[in-house]
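Residues per chain are reported as follows:
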Amino acid sequence: FAGEPYAGTTHSAPDPLATTLESLGFDILQTANSKSLAAGISGLRTTLDTLRLHNIDPLGTYGTQAQKNESGSVILKEINGIRFAFFAFTKGFDGMSIPVGSEYCADVLYTDYDSTYSNIDTEAVLSVIEEARELKPDVIVAMVHWGSEYKMDVGKHQEAVADLFFQNGVDVILGSHSHMVGPMETKEITLADGTEKSVFVAYSLGNFLGSSREAFTQESLILNLEFTKNDFTGETTMTGCDY
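The structure reproduced in this document is the subject of the present report.

1. Here's the deal with the pairing of strand β9 (residues 224–229)
And then number 1: Summarising the sheet, β9 and strand β10 (residues 236–242) pair through six bridges and their orientation is antiparallel. Residue pairing in the sheet places N224 in a bridge with D242 of β10.

2. What to know about the pattern of salt bridges
And then number 1: With the rule as written, the count across this model stands at five salt bridges.
And then number 2: A salt bridge links D94 to K35, with the nearest nitrogen and oxygen atoms 2.6 Å apart. With D94 in the loop between β4 (82–90) and α4 (122–134) and K35 in the loop between β1 (28–30) and α2 (40–53), the pair connects residues that are 59 residues apart, well separated along the chain.
And then number 3: The partner of K77 in a salt bridge is D57, with the nearest N and O atoms 2.9 Å apart. Taken together, the residues K77 in strand β3 (residues 75–79) and D57 in strand β2 (residues 57–59) connect sequence positions 20 residues apart.
And then number 4: Judged by its relative accessible area of 25%, K77 falls in the partly exposed class.

3. Focus: unusual backbone geometry
And then number 1: Between E4 and P5 the backbone carries a cis peptide bond, its omega angle lying at 0 degrees.
And then number 2: For H11, which is not glycine, the phi dihedral falls at a positive 60 degrees.

4. Topic: a nonpolar patch on the surface
And then number 1: A cluster of nonpolar residues, F208, L209 and I222, forms a patch on the protein surface that exposes about 360 Å² of accessible area.
And then number 2: One can find L209 in the loop between β8 (196–202) and β9.

5. So, the nonpolar core
Note on soluble globular proteins: their nonpolar side chains tend to be buried together.
And then number 1: Within the largest apolar cluster, 38 residues are counted, with the highest numbers of intra-cluster contacts made by F87, L109, W146, F165, V170 and I173.
And then number 2: Of all the elements in the fold, those that place two or more residues in this core are α2, β4, α4, β5 (139–145), α5 (156–167) and β8.
And then number 3: In terms of residue count, the dominant contributor to this core is α5 (five residues).
And then number 4: The contact partners of I173, leaving out residues within four places of it in the chain, are A142, V144, W146, A162, F165, F166, F200, V201 and A202.
And then number 5: Within the second largest apolar cluster, 18 residues are counted, among which are I82, F86, A88 and V172.

6. Quick word on the sheet that holds β8
And then number 1: The sheet built from six strands is open, its strands ordered β3-β4-β5-β6-β8-β7 with mixed pairing. The open sheet has two edge strands, β3 and β7 (184–190), and neither has a second partner. On average, each strand axis in the sheet is tilted by 25 degrees relative to the strand beside it, whichever way the strands run.
And then number 2: Where β7 and β8 come together, seven bridges link them in antiparallel fashion. Across the sheet, the residue bridging to T186 is F200, located in β8.
And then number 3: In this fold α4 packs onto β4 and β5, with an angle of close to 165 degrees to the strand it touches most, β4.
And then number 4: With respect to the sheet, α5 is in contact with β4, β5, β6 (172–176), β7 and β8, its orientation differing from that of β6 by roughly 150 degrees.

7. Observations concerning the environment of Q167
And then number 1: With respect to the element layout, Q167 can be found in helix α5.
And then number 2: In this structure Q167 comes out as partly exposed when scored by relative accessible area, which is 29%.
And then number 3: Setting aside residues up to four positions removed in sequence, Q167 forms contacts with I189, T190, L191 and A192.

8. Digging into the packing of aromatic side chains
And then number 1: By the definition in use, this model includes nine aromatic pairs.
And then number 2: When the ring of F84 is compared with that of F86, the centres are 6.3 Å apart and the planes differ by 25 degrees; the resulting orientation is stacked.
And then number 3: Taking 5.4 Å as the distance between ring centres and 75 degrees as the angle between the ring planes, the aromatic pair formed by F84 and F227 counts as edge-to-face. Linking F84 in strand β4 with F227 in strand β9, this pair joins segments that are 143 residues apart in sequence. Grouping residues by exposure puts F84 and F227 together as buried.
And then number 4: Ring-pair connections join several aromatic residues into one group, and the members of that group are F84, F86 and F227.
And then number 5: Stacked on the ring of Y117, the Lys or Arg K91 has its end atom at 4.2 Å from the ring centre.

Rules used throughout
Residues numbered from 1 in each chain as written. Predicted model: local features only at pLDDT ≥ 70, side-chain atom pairs only at ≥ 80, totals over all residues. Heavy atoms only, no water. Pairing = 2+ DSSP bridges. Helix = DSSP H or I, 4+ residues; strand = E, 2+ residues; numbered from the N terminus. Salt bridge = Lys/Arg side-chain N within 4 Å of Asp/Glu carboxyl O. Buried < 20%, exposed > 50% of the residue type's maximum accessible area, 1.4 Å probe, protein only. Patch = residues over 30% accessible without salt bridge, like charges linked within 9 Å, V, L, I, M, F, W, Y side chains within 5 Å. Areas by Shrake-Rupley, 256 points an atom, 1.4 Å probe, with all protein chains shown as cover. Core = buried A, V, L, I, M, F, W, Y, C linked by side-chain atoms within 4.5 Å. Contact = heavy atoms within 4.5 Å. Axes fitted to C-alpha atoms, helices over the stretch in contact; angles between N-to-C directions. Phe/Tyr/Trp six-rings, centres within 6.5 Å; stacked < 30°, edge-to-face > 60°. Lys NZ or Arg CZ within 6 Å of the ring centre and 35° of its normal.

Here it is as structure tokens:
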């Protein structure tokens, strides 16, 4: 939401789209993606302001350092007595570098985010996960803009990122960026302390709304995940998954 001209080439949408998203019930929108900086920091700020004006929480990007310090990187939502912590990372900005002095503007997955996307910023990832854990949620959801465009298969770097997230407390990963529907699975993992845990990853949900003419980019899905909390033990588990 960076103002006119509105077009796919400028990556700016008209404000009535925000009105529509609000009316349809959108609560959170991941704004950390490859086009976050397409209109510069000013465009990012108007995007965040527009979403908040329509009662939608932006996730993964920040207009100022003070704003990031105040809000943090994690959004906590309590839904029917279950506490969900959400955060978001992007692999980069379509080759663009963050303007000097604006390093606060997004949670970025790689230290080499403007070149090869090969060095995971483990320190940044663990810091945000710890921020989420300190809120004592029942479920931690990571939204990740990762992988390669126009590919359905999963890359080794994505698997490494997923492992890092899951081994440190994340329960669900919701992926984007490929513009195609990717694999999804429930996995049984073993943590460092020997604990067995069930986690879920959707590598890409496809384009919820898009205009690409590339093959398979017009196919998408809405994912429904159900969680149940045991009132006696306090344990929360994923008890349903469909789309």
